[in-house]
Amino acid sequence: MPVVRLQNISKSFNNQQVIDDLSLDVHKGEFLTLLGPSGCGKTTVLRLIAGLETCDSGSVFINGRDQTRLPACDRDVNTVFQSYALFPHMTVFDNIAFGLKLKKIPLRQIRERVKESLALVKLEGLETRSIHRLSGGQQQRVAIARAIVNQPLILLLDEPLSALDYKLRKQMRLDLRQLHRQLGITFVFVTHDQEEALTLSDRVVVMNHGTIQQTGTPKDIYETPVNLFVADFVGESNLFDATVIRTLGTDMEIRIQGISKTVQNRRSFHSGQAVKVLLRPEDMTVARIQGKCPEGSLPGRVKEMIYKGTTVDLIIRLESGQEVFVTEFFNEDEQEIFYDMDEPVCVSWIKGWEVTLANE
């Protein structure tokens, strides 16, 4: 039985559809991320689970019970907001203990649970500090501690890392993963940051215009997107127009940028069908031209090279005029991955590394 079941939920604001007949199961103990662009409805889904909004239609089940009309205060969930929503006039201890005091928990138990929560978020010794004397990262940890001290069945996190600088965000991602393992409770996390979604999640739900585009593991979402929206939204991608020449069982021959190429036919495409071929930058290979490009390669010229230590990123303009983004992994024994500007090169990839999608 899923810990959360959203069944055919819809929601509108000012006659504008925000969630459209959405169904989703969240499993006990998993770290599930709702990923999508601003305005896609992911935060609304979170608020419907929390009870901060009510569905126009459909049902919300938590732990097998229909809680569609149950107020937020009676649901076994806690939310960490993007703005943290801390009480500025209270100390760290009083912020974390606030919910426990409302429940009339004995003071001794409150002290023990606040201490445990502070240890989990690595803020021991800051109980008496004022909120305004904390850094942004520390405030974020207090907000998380205040949520987990209530020992909720589900922890909802609405873009909690967006206000932090890049280095602190990376550290907090690791801390959240460790916290999730330690607590063993269900996390539902909202973000528009693809890297966050891929590094944190057990499962990712990609949303657009109030509907689910794809659900799967981070590997599924990145390596086998089901449509052009997911392919374009998640990670860097190179998209090529192509036409199927003929099918060869599980393979097919396509015409792409004036050359023929054999690729895998995972989606039962047919001869004459227009398709899109997706290649991630790290899936593409580059070689210097020696005479002319070998069969199955695309000729082009290097327009930009960006050294990143472990990788070199190349922008290559193909003869067709299309620019592609290629990542070469740096090896100190192979200095040839450094290229001159405007140097002619050949671009290709290994069969099976591509993803072929219907031309929407």
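Parameters at a glance
- The written sequence of each chain sets the order in which its residues are numbered from 1.
- Thresholds applied to this predicted model are a pLDDT of at least 70 for local features of residues and 80 or more for the giving and counting of side-chain atom pairs; totals over whole chains, interfaces and linings are not thresholded and use all residues.
- Only hydrogens and water are set aside; all other atoms, that is, all heavy atoms of the structure, feed into the side-chain values.
- Pairing between two strands requires that DSSP report at least two bridges joining them.
- Numbering of helices and strands starts at the N terminus; helices are DSSP runs of H or I of at least 4 residues and strands are runs of E of at least 2.
- To obtain each axis, a line is fitted to C-alpha atoms, and for helices this fit is confined to the stretch in contact; angles are then taken between N-to-C directions over 0 to 180 degrees.
- What makes a salt bridge here is a side-chain nitrogen of Lys or Arg within 4 Å of a carboxyl oxygen of Asp or Glu, nothing more.
- Accessible area is worked out with a 1.4 Å probe on protein chains only. A residue is then buried under 20% of its type maximum, exposed over 50%, and partly exposed in between.
- In this description, the term disulfide denotes a pair of cysteine sulfurs within 2.5 Å.
- Working rule for contacts: check all heavy atoms of both residues, and any pair within 4.5 Å makes them a contact.
- Space inside and on the surface of the protein is sampled on a 1 Å grid over the protein atoms alone, with a cavity defined as a set of points where a 1.4 Å probe fits but cannot get out and a pocket as an open set with protein on both sides within 12 Å along at least 5 of 7 lines; lining residues have an atom within 4 Å of a point.
- Grid points are joined across faces, edges and corners, and a volume is the space filled by probe spheres set on the points.

## Things to note about the sheet that holds strand β13 (residues 259–264)
Okay, step 1: Spatial strand order, β13-β12-β11-β14-β20: five strands in an open sheet with antiparallel pairing. A single partner strand is all that each edge strand has here, and the edge strands are β13 and β20 (355–358). Here the strands of the sheet are splayed against their neighbours by 45° on average, with no regard to which way each runs.
Okay, step 2: Direction of pairing for strand β14 (residues 274–279) relative to β20: antiparallel, over a ladder of four bridges. Counted as the bridge partner of V277 is T356 from β20.

## Structural notes on the pattern of salt bridges
Okay, step 1: Under the definition given, this model contains 20 salt bridges.
Okay, step 2: Across the pair R141 and D175 runs a salt bridge, and its minimum N-O distance is 2.7 Å. With R141 in helix α4 (residues 136–148) and D175 in helix α5 (residues 166–183), this pair connects stretches of sequence that are 34 residues apart.
Okay, step 3: D175 sits in the buried class, given a relative accessible area of 10%.
Okay, step 4: Its salt-bridge partner being R317, residue E323 comes within 2.6 Å of it at the nearest N-O pair.
Okay, step 5: E323 gets classed as partly exposed once you look at its relative accessible area, which sits at 40%.
Okay, step 6: Residue R317 is classed as partly exposed on the basis of its relative accessible area, which comes to 37%.
Okay, step 7: Through salt bridges that share partners, K122, R141 and D175 make up one connected network.

## Considering the state of the cysteines
Okay, step 1: On inspection of all chains with the given rule, the structure shows one disulfide.
Okay, step 2: Between C293 and C346 runs a disulfide, and the two sulfur atoms are separated by 2.1 Å. Its S-S torsion of approximately -100° makes the covalent link between C293 and C346 left-handed. Taken together, the positions of C293 in the loop between β15 (284–288) and β16 (298–307) and C346 in strand β19 (residues 344–349) put the pair 53 residues apart, joining distant regions of the chain.
Okay, step 3: Classification of C293 by relative accessible area gives buried; the value is 16%.
Okay, step 4: For C346, a relative accessible area of 5% corresponds to the buried category.
Okay, step 5: The structure places no disulfide on C40, whose sulfur is separated from the nearest cysteine sulfur, that of C55, by 17 Å.
Okay, step 6: On the basis of relative accessible area, C40 is assigned to the buried category, the value being 2%.
Okay, step 7: Classification of C55 as buried rests on a relative accessible area of 5%.

## Observations regarding helix α1 (residues 42–50)
Okay, step 1: Summarising burial for α1: seven of the nine residues are buried, a large majority.
Okay, step 2: All buried positions along α1 are accounted for by K42, T44, V45, L46, L48, I49 and A50.
Okay, step 3: The first or second residue beyond α1 is G51, which carries a positive phi of 90°.

## Re the side chain of T356
Okay, step 1: Turning to its location among the elements, T356 is positioned in strand β20.
Okay, step 2: Aside from chain neighbours lying at most four places away, what touches T356 is M252, V263, Q264, R267, F269, V275, K276 and V277.

## A few points about the layout of surface pockets
Okay, step 1: Put simply, the largest pocket is a space of about 610 Å³.
Okay, step 2: Those elements that place two or more of their residues in the lining of the largest pocket are β6 (77–80), α2 (92–102) and α4.
Okay, step 3: Its boundaries defined by the atoms lining it, the second largest pocket holds a volume of some 370 Å³.
Okay, step 4: Around the second largest pocket sit Y166, K170, Q194, E195, L198, T199, Y222, G235 and E236, which together line it.
Okay, step 5: Mapped by element, the contributors of at least two residues to the lining of the second largest pocket are α5 and α6 (194–200).

## A few points about the pairing of β13
Okay, step 1: The two faces of β13 differ: I259, K261 and V263 on one face are buried, but S260, T262 and Q264 on the other face are not.
Okay, step 2: Pairing of strand β12 (residues 251–256) with β13, which is carried by six bridges, proceeds in the antiparallel orientation. Looking at the pairing, D251 lines up with Q264 of β13.
Okay, step 3: In textbook terms, the turn of a hairpin is the stretch between consecutive antiparallel strands, and for β12 and β13 this stretch comprises two residues, one of which, Q257, has a positive phi near 55°.

## Brief notes about the environment of K101
Okay, step 1: Residue placement: K101 occurs in helix α2.
Okay, step 2: Along the primary structure K101 and V277 are separated by 176 residues, whereas in three dimensions their C-alpha atoms are 58 Å apart.
Okay, step 3: Once residues lying within four places of it in the same chain are set aside, the contact partners of K101 are D94 and I110.

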